[in-house]
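Below, each chain spelled out in residue letters.
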Amino acid sequence: MSRPSPRVRLPALGPLVLAVACGGGSGDGGPDADPGPDARDMPDAAVATCTPRSGTTIGFEVVATGLDAPLLATAAPGDARLFVIEQGGAIRVIKDGQLLAEPFLEVAVQCCGEQGLLGLAFHPQFRHNDLFYVHHTARNGGDHVIAEYKANFGTDTADPGSRRELMRWSDPYTNHNGGSVEFGPDGMLYLAIGDAGSGGDPQDRAQDLSSLFGKLLRIDVDTRTGARAYGIPADNPHAASPDGPGDPRPEIWHLGLRNPFRISFDAANGDIYIGDVGQGAWEEVNAAANAPGINWGWDDREGAHCFEPASGCLTAGRVDPVVEFNQNQGWRSVMGGQVYRGTCFPDLQGTYFYGDHYAGRLWAFELVGGVAQNNRQVSTQNLGGLTAVRADALGELHVTTIDGTVRRIVVP
Ligand SMILES: [Ca+2]
Ligand SMILES: [Ca+2]
Ligand SMILES: [Ca+2]
């Protein structure tokens, strides 16, 4: 692996900062240059090479094929590589346009259906500490596991022996596991967890604060609280809960979710977007400023409608989605996406792209004042089974489909 010289220590740049930096050539010993002993170079620095293209017509460029049931293509901050999770447990690397034969890591998972390797997130300081996090279902029972691993610095592999389990809990049903793990702009790790499963949330867990199911959880991977292998952020709504069997779980950030398979943050303003897969009628996307304690309604509400009971349900304090699709429209499993904050296609700035695993076509809207504007289908091409729309380190968006393909969203 070639290494740039001189060594330059870079701060943990977000995509927007990178976009500014990429025009100036940051590797020549500018003010950030630091030859100190803790300096780490950046062998795979993300640098924009595109010529910005105007227009809002959407097309796709195939980046890789031949993956085995990819569920997400994501990136580490400031890192040019794409990391693709396969449902069966492998993390694959796309580097310089090539899918590497050797996996980054192979995680032992219970698969498949709605189980497997479901989420991947890189520590905001990955460049300095090599740490990343996965959410998967465990063999021999399907427990939910949140685990930390360490990459082997300067290589395209990780160390299986570095595995550290942060959380593990059992799940009575194989479905509705949620999936995403994502770091927020606050540096906290968010975990999107489904309502456990079956149908109609039979134990009403999504509204039960003593259950981790049907929640967005928020933990601090850099600290420890009590005997936990992670920290409880002091500003979580129930951070001070005694956490007995009937007490609110201090990890809870949001409640009222059914099966939030894909979530994301807007890199420009921190807004959160949650695609929540529906029961029998409505597919929904939720979006808002990322305030604590939001109740997204399930299972009192499905979309913007009563679910349990079918009329006269609780509505107070429940937040309805910004868009919903009736399943009669062919939507049966919404795949939340992400807001475009790249530099190659400036007219796409601020647009949220998403879709549905069964409907197969890409849609988009802009969130303005908390309202989804101009929600529209942006491509007639049926991509097949969408599993994610996620930004790389420069903010360019990649679509994964279950047939094994990774495509970049482009303006052709
Ligand atoms: Ca489950
Ligand atoms: Ca119920
Ligand atoms: Ca909802």
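Residues numbered from 1 in each chain as written. Chains lettered and ligands numbered in written order. Predicted model: local features only at pLDDT ≥ 70, side-chain atom pairs only at ≥ 80, totals over all residues. Heavy atoms only, no water.

**Some thoughts on the coordination of the calcium ion (ligand 1)**
Distances from the calcium ion (ligand 1) to its protein donors, Asp171 (OD), Asp171 (OD), Tyr173 (O), Asn175 (O), Asn177 (OD1) and Ala196 (O), fall at 2.2 to 2.6 Å. Around the calcium ion (ligand 1), the six donor atoms sit at angles spanning 51 to 153°, and that spread fits a shape best called irregular. Look at where the donors of the calcium ion (ligand 1) fall in the sequence and you get D-x1-Y-x1-N-x1-N-x18-A. Of this pair, Asn177 sits in the loop between strand E10 (158-169) and strand E11 (181-183) while Ala196 sits in the loop between strand E12 (189-193) and strand E13 (215-219), placing them 19 residues apart in sequence. Note on Asn177: relative accessible area 1%, which makes it buried. Look at Ala196 and you get buried, because its relative accessible area is 0%. (Donors = N, O, S within 2.8 Å, 3.2 Å for Na, K, Ca; no water. Tetrahedral: all angles 85-135°; square planar, octahedral: opposite > 155°, others 65-115°. Helix = DSSP H or I, 4+ residues; strand = E, 2+ residues; numbered from the N terminus. Buried < 20%, exposed > 50% of the residue type's maximum accessible area, 1.4 Å probe, protein only.)

**As for the pairing of strand E21 (residues 334-339)**
Taking burial as the measure, the six residues of E21 include six buried ones, the bulk of the element. Of the strand pairs in this sheet, E21 and strand E22 (residues 351-356) are connected by four bridges, and their pairing is antiparallel. Residue pairing across strands places Met335 opposite Gly355, the latter belonging to E22. (Pairing = 2+ DSSP bridges.)

**Describing the state of the cysteines**
Such a bond, covalent and formed between the sulfur atoms of two cysteines, is termed a disulfide. Applying the stated rule across the entire model yields three disulfides. Between Cys50 and Cys344 runs a disulfide, and the two sulfur atoms are separated by 2.1 Å. On the S-S bond that ties Cys50 to Cys344, the torsion sits near -100°, and the link is left-handed. One end of the pair, Cys50, is in the loop between helix H1 (15-21) and strand E1 (59-64); the other, Cys344, is in the loop between E21 and E22, and 294 residues separate them in sequence. Exposure remark for Cys50: the relative accessible area of 26% places this residue in the partly exposed category. Residue Cys344 is classed as buried on the basis of its relative accessible area of 5%. (Disulfide = S-S within 2.5 Å.)

**Focus: the nonpolar core**
Core analysis: the largest hydrophobic core is formed by 46 residues, its most contacted members being Ile91, Phe104, Leu120, Phe132, Phe353, Leu362 and Ile409. Those residues in contact with Phe104 that lie beyond four places of it in its chain are Phe83, Ile91, Val93, Phe122, Phe132, Ala151, Asp156, Thr157 and Ala158. Residues Ile146, Met167, Val181 and Leu191 belong to the second largest nonpolar core, which totals 21 residues. (Core = buried A, V, L, I, M, F, W, Y, C linked by side-chain atoms within 4.5 Å. Contact = heavy atoms within 4.5 Å.)

**Considerations on the pattern of salt bridges**
Counting across every chain of the model gives 23 salt bridges. A salt bridge links Arg81 to Asp156; the nearest nitrogen and oxygen atoms lie 2.7 Å apart. One end of the pair, Arg81, is in the loop between strand E2 (70-74) and strand E3 (82-86); the other, Asp156, is in the loop between strand E9 (144-151) and E10, and 75 residues separate them in sequence. Grouping residues by exposure puts Arg81 and Asp156 together as buried. Ionic pairing is found between Asp156 and Lys95, a salt bridge with its closest N-O pair at 2.9 Å. Placement of Asp156 in the loop between E9 and E10 and of Lys95 in strand E4 (residues 90-95) is noted, with a sequence separation of 61 residues between them. Each member of the pair, Asp156 as well as Lys95, carries the same accessibility label: buried. (Salt bridge = Lys/Arg side-chain N within 4 Å of Asp/Glu carboxyl O.)

Any functional reading would require information beyond the geometric quantities listed.
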